[in-house]
Amino acid sequence: MNGAGDAALSAGTAPVRVALIGMGRMGRALDALAPERGCEIVARLDAAEMTRGITMADLHGAQVAIEFTTPEAAVTNAVTLLGLGCPVVIGTTGWNAALPALTAAVASSGCAALWSPNFSLGVQLFLAIAEDAARRARDVLGFDVHVVETHHTAKKDAPSGTGIAIADRLEAGLGRRVPITSVRVGSVPGTHDVLLDAAFEQITLRHEARDRRVFADGALAAARWLAASRPPALYTMRDVLSTSVPTP
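Notes on the structure follow. Predicted model, so just to flag it, every value in this text is computed and none were measured.

Time to look at the pairing of strand S9 (residues 202–209). Here eight bridges tie strand S8 (residues 190–197) to S9, and the two strands are oriented antiparallel to one another. Within the sheet, the bridge partner assigned to Leu195 lies in S9 and is Thr204.

Rendered as C-alpha cells:
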C-alpha cells in the first residue's frame, strides 16, 4: 500500500474531504490522525445527527464518509450516505447478516462502499499467512486448529468480525470448521491468535494491535482510495491492497 504512512501532503495535492460518522474512540482517533494522512475532516456526526437523519447539508461537501458506530446503526447510516451520493467506508462490525441490504443499496444508488472487519494492514497479511498455514496443515495428522480473539470489555460483537474472517480463511485452507473463542477483558484494542495444537507441540500465530490508530490509519487509506472516483461496487481491503493508494 503506497503512501499510507506518509506524514505530509505532497506539494499541490488537495486533501480528501472526509465526514466522520460516529465520534467514539475510533472517530476521535481518525480525527487526530487525518491531517497527517492527507485527509481533511469536514463533518463530525454523532448520535444527534443520526437520530434525526443525516442530510446532505450535514456532510459539508465530503468526498467520502467513514462510519464507526454500532452494529444496529451501521447499515442504516451507510444506506443513507449512499442515497446522498457519498461513498462510505464502513468500519463497524457485527452487522454481516445485513450485507445483502448494503449490496442492494450500492446497486440502487450507483455509489461505492467499502467494508472490512479490520482495517489494519498487518491483519490483511495475517489472514494470508493463516490461510497458507492451514493449507500446509491440511494433510498433517494430529493438529487441532482454534482461533482466540481478545478485545476490550466495551466491544459489543462476539466473535469479532476479524475472528470470523480468520476462521473463514482457515476453513478455506483446512476444509473443515474452525471454532472461535472470544475473550473480553480490560482495554485490549485487539489480539488474534491461531493455535495449531498437537499432542506434543503447538504452533501459535498472533497479531496484536498495540494502538487503535492502526485501524484509523488503514481506514483513512481506504477512504483516500475510495474517494478516487471508484466505480459503484462493494469493495473490501483486499481491493485496496491490490491497487495503489493515492499518496498524501
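On we go from here.
Note on soluble globular proteins: their nonpolar side chains tend to be buried together. Of all hydrophobic cores here, the largest spans 31 residues; its most connected members are Leu30, Ile66, Val89 and Leu114. Of all the secondary-structure elements, those providing two or more residues to this core are strand S1 (16–21), helix H1 (25–33), strand S2 (39–45), strand S3 (64–67), helix H8 (213–226) and helix H9 (237–242). In terms of residues, this core owes the most to one element, H8, which gives eight residues. For Ile66, the residues in contact, after removing those within four places along its chain, are Val18, Ala19, Leu20, Ile21, Leu30, Val89, Ala219, Leu220 and Ala223. Leu59, Val88, Ile90 and Ala105 belong to the second largest nonpolar core, which has 24 residues in total.

Right, let's talk about unusual backbone geometry for a bit. Cis geometry is adopted by the peptide bond preceding Pro159, which originates at Ala158 and carries an omega value of 0 degrees. Relative to the helices and strands, Pro159 resides in the loop between strand S6 (144–151) and helix H7 (161–174). Its identity is not glycine, yet His60 carries a phi of approximately 50 degrees, on the positive side. Note that His60 resides in the loop between helix H3 (56–59) and S3.

The next thing to look at is the packing of helix H4 (residues 71–83) against helix H5 (residues 99–109). Orientation of H4 relative to H5, taken along the N-to-C sense of each, is 5 degrees, at an axis distance of 9 Å. As the angle between them shows, H4 and H5 are arranged roughly parallel. On H5, the residues that touch Ala78, Val79, Leu82 and Gly83 of H4 are Leu102, Ala105, Val106 and Ser109. Split by residue class, the contact of H4 with H5 holds six nonpolar, two polar and no charged.

Quick look at the environment of Leu30 now. On the secondary structure map, Leu30 appears in helix H1. Here Leu30 falls in the buried class, since its relative accessible area comes to 1%. Sequence spacing of Leu30 and Phe68 is 38 residues, and the spatial spacing of their C-alpha atoms is 9.8 Å. When residues no more than four places from it in sequence are discounted, the contact partners of Leu30 are Leu20, Ile66, Phe68, Ala216, Ala219 and Leu220.

Here we take up H4. Its 13 residues place the ends of H4 19 Å apart at the C-alpha level, agreeing with the 18 Å of an ideal helix rising 1.5 Å per residue. Along H4, the residues classified as buried are Ala74, Val75, Asn77, Ala78, Leu81 and Leu82. The buried residues of H4 occupy an angular sector of 165 degrees when the element is viewed end-on, so they sit on one face. The exposed residues of H4 that point more than 90 degrees off its buried face are Glu72, Thr76 and Gly83. One or two residues past the end of H4 sits Gly85, with phi positive at roughly 80 degrees.

Pairing is mixed in the open sheet, where four strands are placed in the order S7-S6-S8-S9. The open sheet has two edge strands with one neighbour each: strand S7 (180–184) and S9. Here the strands of the sheet are splayed against their neighbours by 15 degrees on average, with no regard to which way each runs. In this sheet, S8 lies alongside S6 in antiparallel orientation, the contact comprising seven bridges. Looking at S8, one finds that Glu149 is bridged to His192.

For the coordinates displayed, the defined rule picks out 11 salt bridges. The shortest N-O distance in the salt bridge between Arg44 and Asp31 comes to 2.8 Å. Here the residue Arg44 occupies a position in strand S2, and Asp31 occupies one in helix H1, the gap between them amounting to 13 residues. You can call Arg44 partly exposed: its relative accessible area is 44%.

Definitions and cut-offs
Residues numbered from 1 in each chain as written. Predicted model: local features only at pLDDT ≥ 70, side-chain atom pairs only at ≥ 80, totals over all residues. Heavy atoms only, no water. Pairing = 2+ DSSP bridges. Helix = DSSP H or I, 4+ residues; strand = E, 2+ residues; numbered from the N terminus. Core = buried A, V, L, I, M, F, W, Y, C linked by side-chain atoms within 4.5 Å. Buried < 20%, exposed > 50% of the residue type's maximum accessible area, 1.4 Å probe, protein only. Contact = heavy atoms within 4.5 Å. Axes fitted to C-alpha atoms, helices over the stretch in contact; angles between N-to-C directions. Parallel < 35°, antiparallel > 145°, perpendicular 65-115°, else oblique. Nonpolar A, V, L, I, M, F, W, Y, C, P; charged D, E, K, R; others polar. Expected span 1.5 Å × (residues − 1). Arc of directions from axis to C-beta. Salt bridge = Lys/Arg side-chain N within 4 Å of Asp/Glu carboxyl O.

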